[in-house]
Amino acid sequence: MQYLDNIIFLILLVAGFGLFGKSLSKIYRNIRLGREINRSDRKPERWETMTRVALGQSRMVKRPIAGILHLFVYVGFVIINIELIEIVVDGIFGTHRFLATIFGHTFYNIFTITLEVLAILVVIGVVLFFIRRNFYGVKRLTMKELFGWPKNDANWILIIEFALMVAFFSMNAADHQLQGAYAAHPIPGSFPISGILLGWFSGFSEPTLHLIERTAWWFHFIGILFFMNYLYYSKHLHIILAFPSTWYANLDLYGKFNNLDSVTKEIKLMMDPNADPYAAPAEGDIAEAPSKFGAEDVFDLNQVQLLNAYSCTECGRCTSVCPANITGKKLSPRLILMKTRDRLEEVGRNIDKNGKFEDDGKKLLNDYITKEELWACTTCNACTEACPVLLDPLSIIFEMRRFLVMEQSAAPQELNLMMTNVENNAAPWQYNQADRLNWAKD
């Protein structure tokens, strides 16, 4: 029975990481449903971009207050969880503060002081974020698209992080009091924040202190496993996916329209005066025609676009600078990514249920994203410029517009008129080419 705690700990550890791995495998499978795209070029630039944007949070601090608070929470929470290494070793082998024997007392003191300072910064950050999100009235955080689960999800994350930090401080304070009052050799480590709580525990007996310390320790451990597995259902997947999203980000000029190879070849053939349009293609030069132009459903988007949908933080910075949304149009770039993710998750559940995707009669276009939203976009790229993790909702809008124009001929009348004029007059205006310079005669 003396090893019961260790066995329970090991079971929970394996189960927690096993479920987390299963969730990640589902996300990977769903992203792989998209079209393949080669983003392996310019590797040094990609590593630099990922380090600067995902790790260094360079875009977050463009709004200093929110950026600095986010830095507190992000850096603090990530570094504090280095302590998970110590918890895992202690839980499996029954040791106590294993890292103290590795680091030595001096370095371990520095380590614990650092964790304590970062933990209090996390507490300050999550409390201010909770107040800001629920009581301060930031417009982009109170839009109707965030009603229900998106708002509750953000609040639950803040509450979980706060509870984990409280458990962290309680564990340290009770342990420090227990070892200092009842142990012949007090534990190493320095606890400037938890030390403030020592007065609360000074009158407790040894069994009570031990119970408090063990309860806080187990709560902290189980809480981390719960938080890790909750990420699958949360917008906070960006904690993990921000790194691949920034690495695979589009490094070309924003708004650069990608050409379709099949169309490019046709145009070159039309423009070549020596080409025989009736000649058979050269051997080995037969290119498979695309099954569809543009995107009607998530299967038609590329894998980076689907990764972007999972990586969206729902912060609304894109929507807050969108001129279409500001002027009352239905378009919200944030909602484009959220709806793409919702559709992708629905497709994933379909595959889980049937073993493969069975047509459910739904599409991303119309059932999730409307034509009104797509045509409201001015393609100004304000959304892609504002995104803190380099997501590109505009590319999804591009592809869905391409489907409407090239597959359904469903462009608005004004756009069809412009394209007809370009075809007939080589200009967007409804003038004969011979009359195009008449304006200069006067």
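Now for a quick tour of the structure. If you're wondering where the values come from, they're calculated on a predicted model, not measured in any experiment. (Residues numbered from 1 in each chain as written. Predicted model: local features only at pLDDT ≥ 70, side-chain atom pairs only at ≥ 80, totals over all residues. Heavy atoms only, no water.)

As a further point, take the overall build of the chain. Tallying secondary structure elements over the chain gives 20 helices and zero strands in all. Here the C-alpha atoms of the chain give a radius of gyration of 28 Å, more than 25% beyond the 22 Å that 2.2 N^0.38 yields for 442 residues. Of all 442 residues assigned to the chain, the portion counted as buried reaches 44%. Long-range pairs, those at least 24 residues apart, make up 77% of the contacts in the chain with a sequence separation of at least 6. With the model as given, the accessible surface of the chain reaches about 24100 Å², and the carbon-plus-sulfur share is 62%. (Helix = DSSP H or I, 4+ residues; strand = E, 2+ residues; numbered from the N terminus. Rg over C-alpha atoms; globule rule 2.2 N^0.38 Å. Buried < 20%, exposed > 50% of the residue type's maximum accessible area, 1.4 Å probe, protein only. Contact = heavy atoms within 4.5 Å. Areas by Shrake-Rupley, 256 points an atom, 1.4 Å probe, with all protein chains shown as cover.)

Working note: non-glycine residues mostly have negative phi, and peptide bonds are mostly trans. Phi at T379 is positive, roughly 55 degrees, even though this residue is not glycine. Relative to the helices and strands, T379 is located in the loop between α17 (371-376) and α18 (382-386). Note on T379: relative accessible area 29%, which makes it partly exposed. Positioned with a positive phi, N381 is a non-glycine residue whose angle comes to about 70 degrees.

Let's shift gears to the nonpolar core. Core analysis: the largest hydrophobic core is formed by 87 residues, its most contacted members being F9, M165, F221, L331 and M400. What F9 contacts, discounting residues up to four positions off in sequence, is I87, V88, G91, I92, W217, W218 and F221. (Core = buried A, V, L, I, M, F, W, Y, C linked by side-chain atoms within 4.5 Å.)

Taken N-terminus to C-terminus, the directions of helix α12 (residues 303-311) and helix α15 (residues 333-354) make an angle of 105 degrees; their axes are 8 Å apart at the nearest point. On the basis of the axis angle, α12 is roughly perpendicular to α15. Seen from α12, the contacting residues are L306, N308, A309 and Y310; seen from α15, they are L337, T340, R341, L344 and E345. Broken down by class, the residue content of the contact of α12 with α15 amounts to five nonpolar, two polar and two charged. (Axes fitted to C-alpha atoms, helices over the stretch in contact; angles between N-to-C directions. Parallel < 35°, antiparallel > 145°, perpendicular 65-115°, else oblique. Nonpolar A, V, L, I, M, F, W, Y, C, P; charged D, E, K, R; others polar.)

Our focus in this paragraph is helix α3 (residues 64-80). Look at α3: 23 Å from first C-alpha to last across 17 residues, which is about the 24 Å you get at 1.5 Å a residue. Of all the positions in α3, only A66, G67, L69, V73, Y74, G76, F77 and I80 are classed as buried. (Expected span 1.5 Å × (residues − 1).)

What follows is about empty space enclosed by the protein. As enumerated under the stated definition, the model contains five cavities of 30 Å³ or more in all. A volume near 640 Å³ is recorded for the largest cavity. Those elements giving two or more residues to the lining of the largest cavity turn out to be α2 (43-55), α3, α6 (105-136), α7 (149-182) and α10 (238-247). Looking at the lining of the largest cavity residue by residue, the class counts come to 19 nonpolar, five polar and six charged. (1 Å grid on protein atoms, 1.4 Å probe; cavity = no way out; pocket = protein on both sides within 12 Å on 5 of 7 lines; lining within 4 Å. Points joined across faces, edges and corners; volume = space filled by probe spheres on them.)

The next subject is the layout of surface pockets. There is about 500 Å³ of room inside the second largest pocket. Considering the residues around the second largest pocket, the lining is formed by 18 residues, among which F257, R402, V405, M406 and M419 are closest to the centre.

Evaluation of the coordinates by the stated rule reveals 15 aromatic pairs. Three or more aromatic residues link up through ring pairs in this structure, and these residues are F9, W217, W218 and F221. Looking at R46, its charged tip hangs above the ring of W247, at a distance of 5.8 Å from the centre. Here the basic side chain of R214 rests over the ring of W217, its NZ or CZ set 4.5 Å away from the ring centre. (Phe/Tyr/Trp six-rings, centres within 6.5 Å; stacked < 30°, edge-to-face > 60°. Lys NZ or Arg CZ within 6 Å of the ring centre and 35° of its normal.)

Of note, D153 is situated in helix α7. Buried and unpaired, D153 has no salt bridge, with K235 as the nearest side chain of opposite charge at 6.0 Å. Here K235 takes part through its backbone nitrogen, which lies 3.0 Å from a polar atom of the side chain of D153. Residue contacts for D153: discarding those within four places in its chain leaves Y230, S234, K235 and H236. (Lys, Arg positive; Asp, Glu negative; His and termini not counted. Salt bridge = Lys/Arg side-chain N within 4 Å of Asp/Glu carboxyl O. Polar contact = N/O pair within 3.5 Å; in protein donor to acceptor, adjacent residues only side chain to side chain.)

Attention now moves to the environment of A100. Here A100 shows up in helix α5 (residues 98-103). Residue classification places A100 among the buried positions, given a relative accessible area of 8%. In this structure, the C-alpha to C-alpha distance between A100 and F111, residues 11 residues apart in sequence, is 9.5 Å. In contact with A100, other than residues within four places in its own chain, are E86, Y108 and P188.

Burial of helix α4 (residues 83-93) is extensive: eight of the 11 residues sit out of reach of the surface. Of the residues making up α4, those classed as buried are E83, L84, E86, I87, V88, V89, D90 and G91.

Direction vectors running N to C along α2 and α10 enclose 145 degrees, while the axes themselves pass 8 Å from each other. Note on packing geometry: the crossing formed by α2 with α10 is right-handed. On α10, the residues touching K43, R46, W47, T49, M50, V53, A54 and L55 of α2 are A242, F243, T246 and W247. Across the contact of α2 with α10, the residue classes tally to eight nonpolar, two polar and two charged. (Left-handed = near helix turned anticlockwise from the far one by under 90°.)

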